[in-house]
Each structure stands twice: as C-alpha cells, then as structure tokens.
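Here is what each chain is made of, one letter per residue.
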Amino acid sequence: MAIKFQYNKTSLQQLEKQLKVRVRTLPIIKNKESALRMEVKRCKTEAADLEDRLEEQIQAYEAMFALWNEFDASLIKVNDVHLGVKKIAGVRVPLLENVEFEIRPYSMFNAPKWYADGIHLLEELAHTAIEREFMLAKLNLLEHARKKTTQKVNLFEKVQIPGYQDALRKIKRFMEDEENLSKSSQKIMKSHQEKRKEVEA
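In the nomenclature of an unreviewed UniProt entry, the protein corresponds to Putative V(Vacuolar)-type ATP synthase subunit D from the organism Bacteroides finegoldii.

Now the structure itself:
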C-alpha cells in the first residue's frame, strides 16, 4: 500500500498525525487480539467438553434403546430458547440463558416408571445439544473477529507504520535539501553582489 503524500509542510503534519494515531492504536488492537485469542482457546475447550458430555448422554440414551420404543416422544418438546448477548473484547456473541421445555401431562399410573427418567434424560440431551450449537456459533464469531484483528495488527505493524515513517523521512530529507540549496544559492548571490561592489568601487 503506497502512501500518497506531497513534499510540503502540510503533508508532513498530516502524515505525522496519521502515524501518531496508528502508533497509539496498535497496543490497544494487540490487547484485543490476545484477549480474543484466549477466549477462542477457552471456547474450543468448552466446545470439546460439551461434545464429550453429549456423547456420554447419547451413550446413556442408547443403553436404554430397547425401552425407547415404548416411549412417547411427543410428551416433551422445546418450547423456547432464551438468548442473551455478551460483549467479549468488543465482539457481540450470543449467550444461552435458558431452554424452556414443554412437558405434556401423562398418567403416572399407566405409563412405565422410567418415563420420568426418560423425560429428564431427553431434557439434558436437548439442552446439551443446544448449548453446543451456541458454543460453536460463539466460537465462529470470535474466530472471525480474531482473524480480522490479527490482519489489522499486521497491517499497522508491517505496512502502514513503516510506510508513514518512510514517507516522513523522504519529506524531511527533501525539505532539508531544499533548505540547503536555498542557503547555498543565497551565499552564491551574496558573494556575487560583493564582487560586483568591489568591481564598481
């Protein structure tokens, strides 16, 4: 990315201002990146834990597989999922607050004894599956934000800040050269005027 500039004081001041902004912002972006990196790592661990828990619950479900043929699956359904939003390092992520289940009334006397345990097991299974989906969505959002932040850090660190520093160096050198040329031309003119005066005298 080539930085556009002109060889004058106005351009010099504008570039100095831009450079200052980037130098001041860089540590903040780096902190955000490291916070996001840690959060992504934590989310990955939590997602893996949820995956394991879900697997265990499915195993427990399969252990009672023969009994599930008798179970009336319409007794339980997910009624509502309550969401929240949390900001992590400036990134809005969904937060699972609560899963509301609707359990249809059934006869405790006519239904098998294990129905209550079956309903409880299905509630846990559904809750874990929903929680895992939220964790994966959160992970995707954080991962995307981390990548964008890393790109911005690299842009500032490797492209813009060195680019502005280089442009400022060029402008300063040009202005110094111009000043030196101006001084030497003044000296030459002065010496010519003095020689002329001597000749005239």
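We are not done yet, so read on.
Let's shift gears to a negative patch on the surface. Negative charge collects at one region of the surface, where Asp49, Asp52, Glu55, Glu56 and Glu62 lie side by side. Among the structural elements, Glu62 can be located in helix α1 (residues 9-63).

On to the pairing of strand β2 (residues 91-103), then. Where strand β1 (residues 76-88) lies against β2, twelve bridges are found, and the strand directions are antiparallel. Bridging across to β2, His82 finds its partner in Asn98. Linking β1 to β2, which pair antiparallel, is a turn of two residues; within it Ala89 sits at a positive phi near 50 degrees.

Note on placement: Gln57 falls in helix α1. For Gln57, a relative accessible area of 10% puts it in the buried group. A distance of 2.9 Å separates polar atoms of two side chains, one belonging to Gln57 and the other to Thr128. Among all residues touching Gln57, those that are not within four sequence positions of it are Leu121, Glu124, Leu125 and Thr128.

Rules of the game
- Residues numbered from 1 in each chain as written.
- Predicted model: local features only at pLDDT ≥ 70, side-chain atom pairs only at ≥ 80, totals over all residues.
- Heavy atoms only, no water.
- Patch = residues over 30% accessible without salt bridge, like charges linked within 9 Å, V, L, I, M, F, W, Y side chains within 5 Å.
- Areas by Shrake-Rupley, 256 points an atom, 1.4 Å probe, with all protein chains shown as cover.
- Salt bridge = Lys/Arg side-chain N within 4 Å of Asp/Glu carboxyl O.
- Lys, Arg positive; Asp, Glu negative; His and termini not counted.
- Charge placed at Lys NZ, Arg CZ, Asp CG, Glu CD.
- Helix = DSSP H or I, 4+ residues; strand = E, 2+ residues; numbered from the N terminus.
- Pairing = 2+ DSSP bridges.
- Buried < 20%, exposed > 50% of the residue type's maximum accessible area, 1.4 Å probe, protein only.
- Polar contact = N/O pair within 3.5 Å; in protein donor to acceptor, adjacent residues only side chain to side chain.
- Contact = heavy atoms within 4.5 Å.

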